[in-house]
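Observations on the three-dimensional arrangement
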Amino acid sequence: MTAIARVLRALTAAGTALLAVTAAAPAASAVPEPKAPPEFVDLRSVDPTIITEMRYTTAHNFVGEPVDGYRQPVCILTRPAAQALRTAQRGLLRRGYSLKVYDCYRPQRAVDHFVRWAQDLDDQAMKDEFYPEVDKTRLFADGYIAEKSGHSRGSTVDLTLVKLPALPARPYRPGEELTPCYAPKSERFPDSSVDMGTGYDCFDTLSHTDDPRVQGAQRAHRQFLKETLAGLGFVNLAEEWWHFTYKPEPFPDTYFDFPVAKRSVAGH
């Protein structure tokens, strides 16, 4: 046997041995996505009449892109919170209004996305609409961004009122000219809601529910929403007219990370 033949034979044997080892190695098992506990439900399964506009599944938010963990535009909440919203909706429908939700349960991975975005001071793409008067270096100190969110506990919801019949909200076009979230309603991005004085997720003190500069119909709408929900167990966050938490929370100390998707609550 020549030297070349011996080398080729050795390489063939080594290759055969490597294939055998690879075939025998166990396949890496994929880690299954976490699912929601049975206490969580899709809001539509409780009340399909509540309008849903899940902003974080789209690019129309302060980050400017779909947020981590938001797989589908589905509002997931703990069952008591969803049932309380159903009660509120029944009363509002009789008065010619509907609730519209912007955000419900929020996975921890989404909160982490917000934190990374806030730390990237070069990313100012959505500033002109959502934080025109706030320096991005102040987002943590001023409380607009935090490493934990009550939304991740499942009983907090961001919502507004829509006058019926509801007009369709046009889709946001990435790259379109942005208008400050506190501009007059006729100039802000149209989202079919009543005039609350600012748009949703407006990083400005004008978003404080009882800011004295907000008067007239705008103030009346805020108070109407607050009073409607307060009697059903929801507590408003004073800094955000849209933010309400159902009390008592079923999971007051747990921050979940299952994705926002129908499969997370399938069968509940």
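Position labels on residues start from 1 in each chain and follow its written sequence. Confidence filtering applies because this is a predicted model: local features only for residues at pLDDT of at least 70, side-chain atom pairs given and counted only at 80 or more, and all residues used for totals across whole chains, interfaces and linings. In computing side-chain properties, one takes all heavy atoms of the structure into account and sets aside hydrogens as well as water.

A look at the overall build of the protein chain
Summing up its helical and strand segments, the protein chain has 6 helices and 7 strands in all. Strands are runs of DSSP state E lasting at least 2 residues, helices are runs of H or I lasting at least 4, and numbering of each runs from the N terminus. Listed N to C, the secondary structure of the protein chain is α-β-α-β-β-α-β-α-α-β-α-β-β in terms of helices and strands. Throughout, exposure labels follow a simple rule: accessible area from a 1.4 Å probe, protein chains only, divided by the maximum for the residue type, with under 20% read as buried, over 50% as exposed, and the rest as partly exposed. Taking all 268 residues of the protein chain together, 47% fall into the buried category. For the protein chain, restricting intrachain contacts to residue pairs at least 6 apart in sequence, the fraction spanning at least 24 positions comes to 75%. Where accessible areas are quoted, they stem from the Shrake-Rupley method and a 1.4 Å probe; at the residue level, only the protein chains shown are allowed to cover. As displayed, the protein chain offers around 13,400 Å² of accessible surface, 57% of which is attributable to carbon and sulfur atoms. By the convention used here, residues are in contact when the closest approach between their heavy atoms is within 4.5 Å.

Details of the pattern of salt bridges
Within this document, salt bridges are pairs made up of a side-chain nitrogen of Lys or Arg and a carboxyl oxygen of Asp or Glu, the two lying within 4 Å of each other. Summed over the entire model, instances satisfying the criterion amount to 17 salt bridges. Put simply, Arg138 and Asp142 hold a salt bridge, and the shortest N to O gap is 2.8 Å. Judged by relative accessible area, Arg138 falls into the partly exposed class, the value being 41%. Residues Glu249 and Arg153 are paired through a salt bridge, measuring 2.9 Å at the closest nitrogen-oxygen approach. Residue Glu249 is located in the segment after strand 7 (243-246), and its partner Arg153 is located in the loop between helix 5 (127-130) and strand 5 (156-163); the two are separated by 96 residues in the primary sequence. Here Glu249 falls in the buried class, since its relative accessible area comes to 10%. It is possible to trace a salt-bridge network through shared partners that takes in Glu33, Arg71, Arg109 and Asp257.

Focus: the state of the cysteines
Two cysteine sulfur atoms make up a disulfide if the distance between them is within 2.5 Å. The tally for this structure, following the rule as stated, stands at 2 disulfides. Cys75 shares a disulfide with Cys104; S-S distance 2.0 Å. When the S-S torsion is -105°, as for the bridge of Cys75 with Cys104, the disulfide is left-handed. You can see Cys75 sitting in the loop between strand 2 (51-52) and strand 3 (76-78) and its partner Cys104 sitting in the loop between strand 4 (97-103) and helix 4 (108-119), a full 29 residues away along the chain. The exposure classification of Cys75 matches that of Cys104, with both residues buried. A disulfide bridge connects Cys181 with Cys202, and the sulfur atoms are separated by 2.0 Å. Looking down the S-S bond of the Cys181 and Cys202 bridge, the torsion is 60°, so its handedness is right-handed. Residue Cys181 is found in the loop between strand 5 and helix 6 (216-230), and its partner Cys202 is found in the loop between strand 5 and helix 6; the two are separated by 21 residues along the sequence. With respect to class, Cys181 is no different from Cys202; both count as buried.

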